[in-house]
Amino acid sequence: MGMMTPAEAEAVFNEIDTDASGEIRLSELRDYGMANGGTVGGLKLADFVRAADSDGDRRITRAEFTSYFA
Ligand SMILES: [Ca+2]
Ligand SMILES: [Ca+2]
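Keep in mind that what you see is a predicted model, and the values were worked out from it rather than measured. (Residues numbered from 1 in each chain as written. Chains lettered and ligands numbered in written order. Predicted model: local features only at pLDDT ≥ 70, side-chain atom pairs only at ≥ 80, totals over all residues. Heavy atoms only, no water.)

A. Broad picture of the overall build of the chain. When you go through the chain residue by residue, the secondary structure sums to four helices and four strands. Beginning at the N terminus, the succession of helices and strands in the chain can be written as α-β-α-β-β-α-β-α. On C-alpha atoms alone, the chain measures out to a radius of gyration of 11 Å, which is about the 11 Å that the 2.2 N^0.38 rule sets for 70 residues. Looking at the chain as a whole, 31% of its 70 residues are labelled buried. Relative to all contacts within the chain whose residues are 6 or more apart in sequence, the contacts with residues 24 or more apart total 49%. When the accessible surface of the chain is summed, it comes to about 4,000 Å², and 53% of that surface belongs to carbon and sulfur atoms. (Helix = DSSP H or I, 4+ residues; strand = E, 2+ residues; numbered from the N terminus. Rg over C-alpha atoms; globule rule 2.2 N^0.38 Å. Buried < 20%, exposed > 50% of the residue type's maximum accessible area, 1.4 Å probe, protein only. Contact = heavy atoms within 4.5 Å. Areas by Shrake-Rupley, 256 points an atom, 1.4 Å probe, with all protein chains shown as cover.)

Put into structure tokens, the structure is as follows:
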């Protein structure tokens with residue numbers, strides 16, 4: 001929602017998606033949060049998942065991530 005440019009959102013997504021599967025699993029999110037003060041884009045991890053996971057499968061796809069942040 002305009003918090004990042006599309007290019008920034010893409011870069012952050014790639015940083016979190018360490019296995020390059022195209023979606024962020026909760027374990028990847030936890031690893032990222034541990035290294036970044038427990039937040040993603042200024043949101044706590046649980047709040048981030050609730051907000052960005054629009055289909056509720058507990059995984060954040062590239063499309064879900066960029067449509068939320070960019
Ligand atoms: Ca992944
Ligand atoms: Ca999802």
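What follows continues from the structure just given.
B. Structural context of the coordination of the calcium ion (ligand 1). Asp 17 (OD), Asp 19 (OD), Ser 21 (OG), Glu 23 (O), Glu 28 (OE) and Glu 28 (OE) make up the full set of protein donors to the calcium ion (ligand 1), lying at 2.2 to 2.5 Å. Here the calcium ion (ligand 1) binds six donor atoms, and the angle range of 54 to 154° at the metal identifies the geometry as irregular. (Donors = N, O, S within 2.8 Å, 3.2 Å for Na, K, Ca; no water. Tetrahedral: all angles 85-135°; square planar, octahedral: opposite > 155°, others 65-115°.)

C. Representation of the coordination of the calcium ion (ligand 2) in the model. Looking at the metal site, the calcium ion (ligand 2) is ligated by Asp 53 (OD), Asp 55 (OD), Asp 57 (OD), Arg 59 (O), Glu 64 (OE) and Glu 64 (OE), spaced 2.2 to 2.5 Å from it. Here the calcium ion (ligand 2) is ringed by six donor atoms whose angles at the metal span 53 to 157°, and the overall shape comes out irregular. Each donor residue of the calcium ion (ligand 2) belongs to the same chain, with the gaps between them written as D-x1-D-x1-D-x1-R-x4-E. On the basis of relative accessible area, Glu 64 is assigned to the buried category, the value being 6%.

D. Inspection of helix α1 (residues 6-16) at higher detail. Every buried residue of α1 is accounted for by Ala 9, Val 12, Phe 13 and Ile 16. One side of α1 carries all its buried residues, which in axial view fall inside an arc of 105°. Of the surrounding elements, those touching the buried residues of α1 are β1 (23-24), α2 (26-35), β2 (39-40), β4 (60-61) and α4 (62-69). (Arc of directions from axis to C-beta.)

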